[in-house]
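# Remarks on the overall topology
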Amino acid sequence: MKKLVLSIFSILFLILNSFTQTIINTESLLREIDSTFAFKLNIDGNVNFGNIEFTQLNNSLSIGKKINNSLLRLSFGYEYISEEKDVLADDWVGQIRFNKFYNKNSAFLFIQGQNVKSLKLLHRYLVGAGYRFRIKEKMTNYFDFSFGFFYEDELYEENNLSQIEKYNYRYSLSSFSNFSITEKILLNTSIYYQINTKDLGDARLFIEPRLYLNYTSFPIYLNLKHRYHSKPYVEILKSDTELTFGVEIDL
């Protein structure tokens, strides 16, 4: 029974796995930087021996540094999951993003790299740029829109004997909002839409609303992530969804 429960948990974890997302959202970190520096670190794990052999390790790090009207952000995450010596996830993801602000608008550059075992993605490297507009603002509430362009280099494992290489240019459209529902409840939402410049039917969508409950010293949050790829390059599902909750500690 224990092994059955653990197997079901592992399958659900893969379906709802945060690293199945191929888009990194740094918006929650931007919300925190009102002076010069922001730092977020999360580390957790779970190890079982004996009748059940199960290992899960997770860590994420986000750092933001503001210098005059420029902002540099670094994000990194790693996840490892194994069950009965079978590795289910051994994924990393990292991004460096630079924003140059012009009042409330900003130009940005970014570099990203990652791998995702559940998506059969051996690597994905991106480099891109764009511009972000402040559409509406009222106190801490805001709504922004951005457009950009990036190049992606992807390598997929089709099976044990072959690999698929993909080199694409994509248009990127995004929206970001921060809305105070009450004095103690905050909703932060990011939406990314990425379109292949040579095949408009090849599109990726990423939606991430995060609800903050500020009733304690450290904010409790409920986070939803949904990813959709209209034309997967290997035999995987078109969409993934993750629902998580936790406590956020800022330094």
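Residues numbered from 1 in each chain as written. Predicted model: local features only at pLDDT ≥ 70, side-chain atom pairs only at ≥ 80, totals over all residues. Heavy atoms only, no water.

Moving on to the overall build of the protein. Looking only at helices and strands, the protein features two helices and 12 strands. Moving toward the C terminus, one meets the helices and strands of the protein in the order α-α-β-β-β-β-β-β-β-β-β-β-β-β. The 251 residues of the protein split such that 43% are buried. Counting contacts in the protein only where the partners sit at least 6 residues apart, residues at least 24 apart contribute 52% of the total. Of the roughly 14000 Å² that the protein leaves accessible, carbon and sulfur atoms contribute 62%. (Helix = DSSP H or I, 4+ residues; strand = E, 2+ residues; numbered from the N terminus. Buried < 20%, exposed > 50% of the residue type's maximum accessible area, 1.4 Å probe, protein only. Contact = heavy atoms within 4.5 Å. Areas by Shrake-Rupley, 256 points an atom, 1.4 Å probe, with all protein chains shown as cover.)

Attention now moves to unusual backbone geometry. Positive phi outside glycine occurs at Asn68, with the angle close to 55°. In this structure, Asn68 sits in the loop between strand 2 (54-67) and strand 3 (70-83). Classification of Asn68 by relative accessible area gives exposed; the value is 71%. Residues other than glycine seldom take positive phi values, yet Lys120 does so here, at roughly 60°. With respect to the helices and strands, Lys120 occurs in the loop between strand 5 (105-116) and strand 6 (121-138). Look at Lys120 and you get partly exposed, because its relative accessible area is 30%.

It is a general feature of regular strands that their side chains alternate between the two faces of the sheet. Note: strand 2 against strand 3, 14 bridges, orientation antiparallel. Looking across to strand 3, one finds that Leu57 is bridged to Tyr80. Taking the residues that link successive antiparallel strands as the turn, the strand 2-strand 3 hairpin has two residues, and the phi of Asn68 there is positive, at about 55°. Remark: two residues form the turn of the hairpin made by strand 3 and strand 4 (residues 86-102), two consecutive strands paired antiparallel; Glu84 in that turn has positive phi of roughly 50°. (Pairing = 2+ DSSP bridges.)

On the surface, a nonpolar cluster with roughly 610 Å² of combined accessible area is contributed by Leu72, Leu74, Ile96, Phe98, Leu109, Ile111 and Val127. Put simply, the parts of the chain that give the nonpolar patch at least two residues each are strand 3, strand 4 and strand 5. Relative to the assigned elements, Leu109 resides in strand 5. (Patch = residues over 30% accessible without salt bridge, like charges linked within 9 Å, V, L, I, M, F, W, Y side chains within 5 Å. Salt bridge = Lys/Arg side-chain N within 4 Å of Asp/Glu carboxyl O.)

Summarising the element assignment, Gly128 is placed in strand 6. Residue class for Gly128 comes out buried when judged on its relative accessible area of 10%. Sequence spacing of Gly128 and Ile111 is 17 residues, and the spatial spacing of their C-alpha atoms is 6.7 Å. Residues within four places of Gly128 in sequence aside, it is in contact with Phe108, Leu109, Phe110, Phe149 and Phe150.

Turning next to the confidence of the model for the protein. Per-residue pLDDT for the protein has a mean of 83; in total, 83% of the residues score no lower than 70. Of all secondary-structure elements in the protein, the lowest mean pLDDT belongs to helix 1 (residues 2-15), at 39, while strand 7 (residues 141-157) reaches the highest, 96. Counting contacts from residues 1-21, a segment whose pLDDT is below 50, to residues more than four positions away or on other chains yields 45 contacts. (pLDDT = per-residue confidence, 0-100.)

If you walk through the whole model with that rule in mind, you get 12 salt bridges. Here Asp202 and Arg170 are joined by a salt bridge, their closest N and O atoms 3.1 Å apart. Of this pair, Asp202 sits in the loop between strand 9 (185-196) and strand 10 (203-213) while Arg170 sits in strand 8 (residues 163-180), and the two are 32 residues apart along the sequence. Here Asp199 makes a salt bridge to Lys231, at a shortest N to O gap of 3.1 Å. Of this pair, Asp199 sits in the loop between strand 9 and strand 10 while Lys231 sits in the loop between strand 11 (220-229) and strand 12 (239-247), and the two are 32 residues apart along the sequence. Its relative accessible area of 28% is what places Asp199 among the partly exposed residues. Residues joined by salt bridges that share partners form a network here, namely Arg124, Glu152, Glu154, Arg170, Asp202 and Arg204.

Attention now goes to the side chain of Glu152. As for its placement among the helices and strands, Glu152 is situated in strand 7. The exposure class assigned to Glu152 is buried, which follows from its relative accessible area of 0%. Within the local environment of Glu152, its side chain forms a polar contact with the side chain of Arg124, the two groups lying 2.7 Å apart. At 3.0 Å, the side chain of Glu152 forms a polar contact with the side chain of Arg204. Leaving out residues up to four positions away in the same chain, Glu152 has contacts with Arg124, Tyr125, Leu126, Lys166, Tyr167, Asn168, Arg170, Arg204 and Tyr233. (Polar contact = N/O pair within 3.5 Å; in protein donor to acceptor, adjacent residues only side chain to side chain.)

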